[in-house]
Amino acid sequence: MSSPSKRREMDFMKLMMSDYKVETINDGMQEFYVEFHGPNDSLYQGGVWKVRVELPDAYPYKSPSIGFITKIYHPNVDEMSGSVCLDVINQTWSPMFDLLNVFESFLPQLLLYPNPSDPLNGEAAALMMRDRPAYEQRVKEYCEKYARHESGEEPGGNSSEEELSDEEYGSSDEETVPGNPDP
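Residues numbered from 1 in each chain as written. Predicted model: local features only at pLDDT ≥ 70, side-chain atom pairs only at ≥ 80, totals over all residues. Heavy atoms only, no water.

- By the naming in an unreviewed UniProt entry, the protein goes by Ubiquitin-conjugating enzyme E2 4 and is assigned to Platanthera guangdongensis.

Have a look at this one:
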């Protein structure tokens with residue numbers, strides 16, 4: 001590809017043409033939401049989460065920012081901001097990767113194999129290490145309460161806390177921008 005903008009456009013179109021539901025923000029290709037389905041054979045199976053993606057001007061040379069809008073209980077996802085702690089996105093990103101890699105490989109692997117030794121959600125990490133059955137129960141409770149179900153059924157307890165508002169998500173504090181790990 002001759003320029004980052006052409007590559008951004010191509011990757012965005014590949015994602016749009018795939019099975020993922022994509023909703024643009026401000027009719028652009030730099031910020032958008034993707035409907036992400038929990039991977040099969042995981043505690044998250046059957047749930048559907050809204051994930052926000054922000055592509056920097058230097059994409060694909062600089063990694064996208066990824067954050068869950070729908071609440072999710074996971075050691076490597078900040079419960080308040082939705083930020084994702086994932087080395088392949090945050091530290092080892094390469095222009096060889098694209099947006100389909102994020103949704104078909106990186107996020108499913110994160111949900112299948114949480115890393116409690118590098119947490120953004122300390123409570124989830126501690127519970128996972130201390131009491132695995134209680135951790136798994138909490139994950140399932142969050143899935144039922146917040147995630148939309150693949151059948152299209154709305155989550156139980158459909159409260160105003162289901163998704164982070166744009167104000168909560170779009171904090172000016174650099175540490176809470178999805179895709180940037182806490183120091």
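## Focus on a nonpolar patch on the surface
Consideration 1: Taken together, the side chains of Met13, Met16 and Met17 define a hydrophobic patch exposed on the protein surface, amounting to about 320 Å² of accessible area.
Consideration 2: In this fold, Met16 is placed in helix α1 (residues 4-17).
Consideration 3: Owing to a relative accessible area of 36%, Met16 belongs among the partly exposed residues under this scheme. (Patch = residues over 30% accessible without salt bridge, like charges linked within 9 Å, V, L, I, M, F, W, Y side chains within 5 Å. Areas by Shrake-Rupley, 256 points an atom, 1.4 Å probe, with all protein chains shown as cover. Salt bridge = Lys/Arg side-chain N within 4 Å of Asp/Glu carboxyl O. Helix = DSSP H or I, 4+ residues; strand = E, 2+ residues; numbered from the N terminus. Buried < 20%, exposed > 50% of the residue type's maximum accessible area, 1.4 Å probe, protein only.)

## Brief notes about the packing of aromatic side chains
Consideration 1: Within this structure, the stated rule accounts for 11 aromatic pairs.
Consideration 2: Both rings, one in Phe12 and one in Phe32, keep their centres 5.0 Å apart while their planes meet at 70°; by these two values the pair is edge-to-face. Residue Phe12 is located in helix α1, and its partner Phe32 is located in strand β2 (residues 31-37); the two are separated by 20 residues in the primary sequence.
Consideration 3: Given the relative accessible area of 5%, Phe12 is considered buried.
Consideration 4: Given a relative accessible area of 0%, Phe32 falls into the buried group.
Consideration 5: Centre to centre, the rings of Tyr20 and Phe103 are 5.7 Å apart; their planes meet at 50°, and the pair counts as tilted. Separated by 83 residues along the polypeptide, Tyr20 in the loop between α1 and β1 (22-24) and Phe103 in helix α3 (residues 99-112) bring together distant segments of the chain. As far as burial versus exposure is concerned, Tyr20 and Phe103 are alike and both buried.
Consideration 6: A cation over an aromatic ring shows up here: Lys50 above the ring of Tyr33, its NZ or CZ 4.3 Å from the ring centre. (Phe/Tyr/Trp six-rings, centres within 6.5 Å; stacked < 30°, edge-to-face > 60°. Lys NZ or Arg CZ within 6 Å of the ring centre and 35° of its normal.)

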